[in-house]
Amino acid sequence: MATPTATPPAKKTEKNSATHVQNHKTIASNLEAAAKHHTDAAKHHEAGNPEKAAHSTVKANGHQSLANDAKKEDAKLHASKI
């Protein structure tokens with residue numbers, strides 16, 4: 001008779017790994033978007049259009065905030081391993 005086997009820990013590690021990967025991708029994507037919007041804001045300032053610069057800055061700050069939220073979640077996952 002076959003002995004039942006427990007779920008191998010690799011499955012949990014794979015899930016955690018996928019979560020870590022997704023968190024890092026989310027962080028990177030939002031930081032890239034924030035950088036783009038900050039660059040746009042600088043260009044708008046140079047062109048003498050402070051209203052568009054302000055709009056781009058707000059977008060950049062929103063993406064930075066989303067990146068920070070994802071970084072906090074990722075830090076929690078890493079801290080749980082210690």
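Residues numbered from 1 in each chain as written. Predicted model: local features only at pLDDT ≥ 70, side-chain atom pairs only at ≥ 80, totals over all residues. Heavy atoms only, no water.

Asks: Outline the side chain of Asn23, listing residues and values.
Replies: Locating Asn23 in the fold gives a position in helix α1 (residues 9–46). Residue class for Asn23 comes out buried when judged on its relative accessible area of 14%. Those residues in contact with Asn23 that sit more than four places away from it in its chain are Ala70, Glu73, Asp74 and Leu77. (Helix = DSSP H or I, 4+ residues; strand = E, 2+ residues; numbered from the N terminus. Buried < 20%, exposed > 50% of the residue type's maximum accessible area, 1.4 Å probe, protein only. Contact = heavy atoms within 4.5 Å.)

Asks: Account for helix α2 (residues 50–79), naming residues and giving values.
Replies: Over its 30 residues, α2 runs 42 Å from end to end, which matches the ideal 44 Å to within 8%, given 1.5 Å per residue. Along α2, the residues classified as buried are Ala53, Ser56, Ala60, Ala67, Ala70 and Asp74. (Expected span 1.5 Å × (residues − 1).)

Asks: Can you lay out the environment of Ala60 for me, pointing to particular residues and giving the numbers?
Replies: Within the secondary structure, Ala60 sits in helix α2. What makes Ala60 buried here is its relative accessible area of 0%. Once the C-alpha coordinates of Ala60 and His37 are considered, the two residues, 23 residues apart in sequence, prove to be 5.0 Å apart. Residue contacts for Ala60: discarding those within four places in its chain leaves Ala34, His37 and His38.

Asks: Could you give me a rundown of the pattern of salt bridges, with the residues and numbers involved?
Replies: If charged atoms from side chains of opposite charge come close, those side chains can pair. Within the structure shown, the criterion is met by 2 salt bridges. Across the pair Lys36 and Asp40 runs a salt bridge whose closest N-O atoms are separated by 2.7 Å. Taken together, the residues span about one helical turn, with Lys36 and Asp40 both in helix α1 at a distance of 4 residues. When its relative accessible area of 47% is taken as the criterion, Lys36 is described as partly exposed. Between Lys76 and Glu73 there is a salt bridge, with its nearest N and O atoms 3.2 Å apart. Here Lys76 and its partner Glu73 are both found in helix α2, 3 residues apart, which amounts to about one turn of the helix. (Salt bridge = Lys/Arg side-chain N within 4 Å of Asp/Glu carboxyl O.)

Asks: Could you give me a rundown of the environment of Ser65, with the residues and numbers involved?
Replies: Mapped onto the secondary structure, Ser65 falls in helix α2. Considered as a pair, Ser65 and Asn30 are 35 residues apart in the sequence and their alpha carbons are 8.6 Å apart.

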